[in-house]
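Observations on the three-dimensional arrangement
Take a look at the letters that make up each chain.
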Amino acid sequence: MDEMNNSTGLTSEQVKASRDTYGSNTLELQENRVLLQVLKEVVLEPMFILLLAACIIYFVVGQYQEGIIMGVSIFIVAGISLFQEYRSKNAVGALKKISAAKAHVLRNGIIHPIATEEIVVNDLLLLEEGEVVAADGLIVTANDFSLNESILTGESFAVTKSADNNTSVYKGTLITSGSARVKVTAVGLKTMFGKIGLSLKEITIAKTPLQNQIRSFVRNMVWAGAVAFLIVVGFNYYHSGNLVQSFLQGLTLAMSILPEEIPVAFSTFQALGAFRLLRNNIIVKQPQYVETLGSATVICVDKTGTLTQNKMSIEYVYEAAREISLRVKEPVELPAALIEYAMWSSETTPFDPMEKAIHDLYEKTTATDKRKLFDQVHEYPISGKPPMMTHIFKNKSGETIIAVKGAPEAILRQSNLSKEALNKIEEQSRSYARSGFRVLGVGKGSWKETRWPVSQEEFVFEFLGLIAFQDPPKENIIQTIQTFRDAGIGVKMITGDYAETALTIADQVHMIHNKEVLTGQEVLHMSTEALQKKVSQVNIFARMFPEAKLKVIDALKENGEVVAMTGDGVNDGPALKAAHIGIAMGKRGSEVARSAASLILTDDDLAHMTDAVALGRKIYDNLKKAIQYIVSIHIPIILIVTLPLLLMWKFSDIFSPVHVIFLELIMGPTCSIIYENEPMEPGTMQRVPRKMGSTFLSLKQLSVSIIQGLMITAGCLGIGYYYMQQGSEDAIIRTVIFTTLLFSNIFLTLVNRSSRLSIFKTLAYKNNLVLLIIGVTLLFITGLLTIPFLQNLFRLQTLNMTALLTCIAVALLSTLWMEIWKLFKRQTVL
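Residues numbered from 1 in each chain as written. Predicted model: local features only at pLDDT ≥ 70, side-chain atom pairs only at ≥ 80, totals over all residues. Heavy atoms only, no water.

A few words now on the confidence of the model for the protein chain. For the protein chain, the mean per-residue pLDDT works out to 84, and 86% of the residues sit at or above 70. Per-residue pLDDT stays below 50 along residues 29–33; that stretch engages in 2 contacts with residues further than four places along the chain or on separate chains. Across residues 198–205, confidence stays below pLDDT 50; counting only partners more than four residues off in sequence or on other chains, it has 9 contacts. (pLDDT = per-residue confidence, 0-100. Contact = heavy atoms within 4.5 Å.)

See the structure below:
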């Protein structure tokens, strides 16, 4: 392959040739075959195995019609499961592609942002501080470039690299300072990262409490089904001596016990919820985070860019030499040295709004632009508590510029100023902060040695002055904070700014606080017990740094809070990872922050988080309705199969596997389609968050569902017993029981759309799928009662109008009592 040009990168033809020769930058051995994976999961489901067993038994005993129907049912059930699982997994796959890391490469002489998997060997990769290296390569050029290679070596200290010394960089390592241009030498599994098996697919994602609860519940029901199968087979065989019929009865009961709709409904709700969030500019890294959103109790937010617009304008400058504060917009002569050194201490190609504002002011006020006359020769990245950064430039004649900017107190402690001068500058800084300005100090350094110091803390600086930036609050932030407050979610500000600035901004955005502010140093020096008490009282944290942020998050978690946190910087990674819900900014967030976070706000608008919390609560509520519906409707199926047998009714062969699978075909879409599409109920965002470990699968939570199931059982068996006492034929008894159960299912679906609101209210909900599923069910009932083939298959008979209306009336009585209970609950609340 032709060699690339180091100034223009690969051509489009060279990119294709490299990909064909060396492959793509992925860590998967083969393409992820979603369909085959889903098919395997469906085939191994207990319900599929039971259906297959019933199908085989029917064919063995010569009941070919029933066997064929069971075979067709297998394909229908498997098809529904395949569709729902495939849709869920495709939604998750699409989210993963959208949230994939990005990199910048030089191709055809133009810098392109691309997905990291599109990088090829010989690409020119452009790396900057805060990014994660996307492929192995050799450094072509570097500027004060250092990396943390602990993911490969276990050593946490930074390693300095250049084009002349230690030139290799490796996939997965973190850039801690500087920038570099790298020629890619290996991608995908050929990288050092790939060779030692550090694929992200090997990282186990912790399951949420609800996932564990559902898994445990389904597993217990599977065991219960197995035990019930053995008991019924034994009991029936003991009394009848018919082994085949006993096995079919046992399979019928086992099928009725298995709640196989629950895990399918859960994965569907989560995956589609995550995909819906994408429409609201929120990328969810894993679907299970959607559930956690609904239980958030505290959100910790940064000030700059989250509460404010991150549109920095320089309002004032303070010249230390003349001890004067000047308003930039007024026609006054501004201090040239202060502005020039602020520019030198900024990035040469600024991307931060503050540095852009500094460069703009320099261009407006300078007579001679010196930027092209000097080259940067050394850099000390932002560091320290509080932080600062230093840049060193030289021109061809050997003139040296050492410029620093950062927290005023950081520069002042390295300046030889009198106590009086220090006090004046500190008071001016606090004065700016009280007005809500963000304040930076600027200094000029000197160094006489031939080798630059290891740390910028070794310089002595001449303090030049202060720059005050205005960053107005976002227009929608007051309403956003109020929405969080209405939802019972506390809002805490965690910022690196002055306490005075934080307090002013908090007042501007109507944050609730007690005027108390904790600083990063105070947080670090507090005992764990004292901090846990403080974080429940204090809502504003200023002059914070990574260790302090992490300690605050941990203290909130120890207090039992479910913590969400926003972040964008490299150093926010640990706290974002520690929070229950880490929220990274999509536009200005570093790659490290985006990798550590659970969610990414693509447009950096915190208002979308209120939508995310609302959706999280809606999904949890709808999943609760779906599972309670499943429990309610499974109980009568189980008891209709079991009780007549145990009570020694003269007619106990009511349901067969054909009946149960037909009911499954109705129940599956009902819980996964109808309830998933239900709108959010009124008042959802005005109630306190649920506890993260709470469950709706406990006996207490399911008590109403159990009673609903028992009432439907009583109605179905009651009407069946009445007709049995009247001497009706077996087919008529089976028909009235089955018909009553089908109508009960329709009414139960409508009643359970809300545990609080009347059915007349919920009928107004916009959910077209309700009419679709109920309409299909009514068509099936009509077919069962009128079409001879279906009647023969299900062993049913046509009912007269009196019997049909009686079935409907019993179904209404068995389900609509819940409306009286809901009315009682509403009046009790009032």
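On we go.
Here we take up the environment of Pro381. Turning to its location among the elements, Pro381 is positioned in strand β12 (residues 374–383). Expressed as a C-alpha distance, the spacing of Pro381 and Phe145, which sit 236 residues apart in the sequence, is 9.9 Å. (Helix = DSSP H or I, 4+ residues; strand = E, 2+ residues; numbered from the N terminus.)

Let's shift gears to the packing of helix α25 (residues 699–725) against helix α26 (residues 730–751). Here α25 crosses α26 at 155°, and the two axes come no closer than 9 Å. Considered as vectors, α25 and α26 are oriented roughly antiparallel to each other. Crossing of α25 against α26: the hand is right-handed. On α26, the residues that touch Gln708, Ile712, Cys716, Ile719, Gly720, Tyr723 and Met724 of α25 are Ile732, Ile733, Val736, Ile737, Thr740, Leu741, Ser744, Leu748 and Val751. A class-by-class count of the residues in the contact of α25 with α26 yields 12 nonpolar, 4 polar and no charged. (Axes fitted to C-alpha atoms, helices over the stretch in contact; angles between N-to-C directions. Parallel < 35°, antiparallel > 145°, perpendicular 65-115°, else oblique. Left-handed = near helix turned anticlockwise from the far one by under 90°. Nonpolar A, V, L, I, M, F, W, Y, C, P; charged D, E, K, R; others polar.)

Turning next to the sheet that holds strand β9 (residues 298–301). Ordered in space as β8-β22-β21-β20-β9-β17-β19-β18, the 8 strands form an open sheet in which the pairing is mixed. At either margin of the open sheet sits one strand with a lone partner, and together these are β8 (282–284) and β18 (517–519). Neighbour to neighbour, the strand axes of the sheet diverge by 20° on average, direction disregarded. Pairing of β9 with strand β17 (residues 490–494), which is carried by 4 bridges, proceeds in the parallel orientation. Residue Ile299 lies in a different strand from β17, and its bridge partner there is Val491. The strands that helix α17 (residues 499–508) touches are β17, β18 and β19 (540–542); relative to β19, the one it contacts most, it runs at about 150°. (Pairing = 2+ DSSP bridges.)

Enumeration over the complete set of coordinates arrives at 15 aromatic pairs. Ring geometry for Tyr316 and Phe437: centres 5.7 Å apart, planes at 55°, overall tilted. With Tyr316 in strand β10 (residues 313–319) and Phe437 in the loop between α15 (419–434) and β15 (438–446), the pair connects residues that are 121 residues apart, well separated along the chain. Note on Tyr316: relative accessible area 23%, which makes it partly exposed. The rings of Tyr380, Trp447, Phe459 and Phe461 are connected pair by pair, giving a single aromatic cluster. Here the guanidinium or amino end of Arg543 rests over the ring plane of Tyr498, the centre of that ring lying 4.1 Å away. Above the ring of Tyr620, the side-chain terminus of Arg690 is found at 3.7 Å from the ring centroid. (Phe/Tyr/Trp six-rings, centres within 6.5 Å; stacked < 30°, edge-to-face > 60°. Buried < 20%, exposed > 50% of the residue type's maximum accessible area, 1.4 Å probe, protein only. Lys NZ or Arg CZ within 6 Å of the ring centre and 35° of its normal.)

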